[in-house]
Amino acid sequence: MSKTRLAALLAPVLLFGAGSARAAETFDAGNWRGLCDAVGCSTWGAGETLSKPGYVLLTETAGGRRLVFGAHVRAQRPSEGQLRIEIADKAGAILWSSTLPGRADRPSTRAVIYDDAEIGRVLDALKAGTSLKLGLTSDPWPAATILLKNAAPALDWSRAKPGVTASPPVVRRPPGLSPGGGPPTPPEVAKACEALSEFATVRLAPDKILWVSNCSGAAINEDAKLHLTDASGRLLPLPAFGEGPGGVDPELANVTYDYQTRVLSARFRDNRYGGCGQRRDWVWDGARFALIREASADCIGMDEADWPTTFRAVVEER
């Protein structure tokens, strides 16, 4: 995903709910960015080159804060690795360093600090330092270098934001239904893809069934074909998605449905290893699929679990 496109995604986003709207606030200075919404703030710095991706991410919510380090892994083997991290000043003096257990399955390794006192020490070093280097001890080191010129302004910006005082929008949904027996696969659904990689049926209402097909192919983004039928298998108009009326998002791809949480998700990947792209999650509110979360990341090797959230809502059961 290009920085221009991601900037558009991270531009002020309106959070709609209960008759009110609040814009997510953003910070952008060089390789440091930030985003604060109704739940909290995310602030992150990226590696200096896309060929050596890495990141450091601070998330702050009412429940506390965590600090994440991530770097691209060159070794092509699943194993446990040690992530070496060093923060240095202009003279090369080490202000903070650590070797942390890191997940080392391709394509990235990731380590998380939850201890608030230790996070404070790292943040002080980030503000005073000029560079952060990190990578696996078993690989050529460093895997990534993050410049800290704009770290202090970014971290001060996020700490000054009252994002956690606002309430996120609320989406109310009806109780879930047991899958039950459905009609035979309609011909239109069966012919939607030449080859299937994933298929799901979702009973939205006693007389409404959603059919989800992902068409397999060489591309990393598999086109999703969605159909809505009644209980007999007769085709119906598709329900609305997201904030507006009518139709399906034209970039809907790699769609999955979690039967336990009853969340429909779509991922648009900008590289084969999932280090950048966009994810959207929806729930059925009885009339449409309401957007409850949107997250995206530039191509800095960021694990999907850390992608900054540009929109979120709270789901309540009716």
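The rules behind these values
Residue numbering note: each chain is counted from 1, following its sequence as written. For a predicted model such as this one, the threshold for reporting local features is a pLDDT of at least 70, and the threshold for listing and counting side-chain atom pairs is 80 or more; totals across whole chains, interfaces and linings nevertheless cover every residue. Excluding hydrogens and water, the side-chain figures rest on all heavy atoms present in the structure. Numbering of helices and strands starts at the N terminus; helices are DSSP runs of H or I of at least 4 residues and strands are runs of E of at least 2. Note on ring pairs: Phe, Tyr and Trp rings are taken, using the six-membered ring of Trp, and paired if centres are within 6.5 Å. Classes follow the plane angle, with under 30 degrees stacked, over 60 edge-to-face and the rest tilted. Throughout, exposure labels follow a simple rule: accessible area from a 1.4 Å probe, protein chains only, divided by the maximum for the residue type, with under 20% read as buried, over 50% as exposed, and the rest as partly exposed. A 1.4 Å probe that fits but cannot get out identifies a cavity on a 1 Å grid over protein atoms alone, an open set with protein on both sides within 12 Å along at least five of seven lines counts as a pocket, and a residue lines either if it has an atom within 4 Å of a point. Grid points are joined across faces, edges and corners, and a volume is the space filled by probe spheres set on the points. Basically, the charged four are Asp, Glu, Lys and Arg, the nonpolar ten are Ala, Val, Leu, Ile, Met, Phe, Trp, Tyr, Cys and Pro, and anything else, Gly included, counts as polar.

Peer 1: Can you help me understand unusual backbone geometry in this one?
Peer 2: In terms of backbone geometry, most residues other than glycine have negative phi values and most peptide bonds are trans. One non-glycine residue with positive phi stands out, namely N254, at about 50°. Checked against the element boundaries, N254 lands in the loop between β18 (240–241) and β19 (255–258). Here the phi dihedral of R262 falls at roughly 60°; this positive angle occurs in a residue that is not glycine. The residue R262 is located in the loop between β19 and β20 (263–269) in this model.

Peer 1: In this structure, what is going on with the packing of aromatic side chains? I would like to understand it.
Peer 2: One pair of aromatic rings is described through two measures. These are the centre distance and the angle between the planes. Applying the stated criterion to the full structure yields five aromatic pairs. Ring centres of F27 and W157 lie 5.7 Å apart, and the angle between their planes is 40°; on these two criteria the pair is classed as tilted. Taken as a pair, F27 in strand β3 (residues 25–29) and W157 in helix α3 (residues 151–159) lie far apart in primary sequence, 130 residues in all. The same class applies to F27 and to W157, which are both buried.

Peer 1: Even after reading the chapter, I still don't get the layout of surface pockets, so can you show me in this structure?
Peer 2: Where empty space is left in the structure can be found by rolling a water-sized probe over the atoms. Approximately 360 Å³ is the volume found for the largest pocket. Lining the largest pocket we find 20 residues, and of these L177, V202, R203, L204 and Y257 sit closest to its centre. Elements with a contribution of two residues or more to the lining of the largest pocket: β14 (196–205) and β15 (208–215). It is β14 that provides the largest number of residues to the lining of the largest pocket, a total of four residues. Among the residues forming the lining of the largest pocket, the class breakdown is 13 nonpolar, four polar and three charged.

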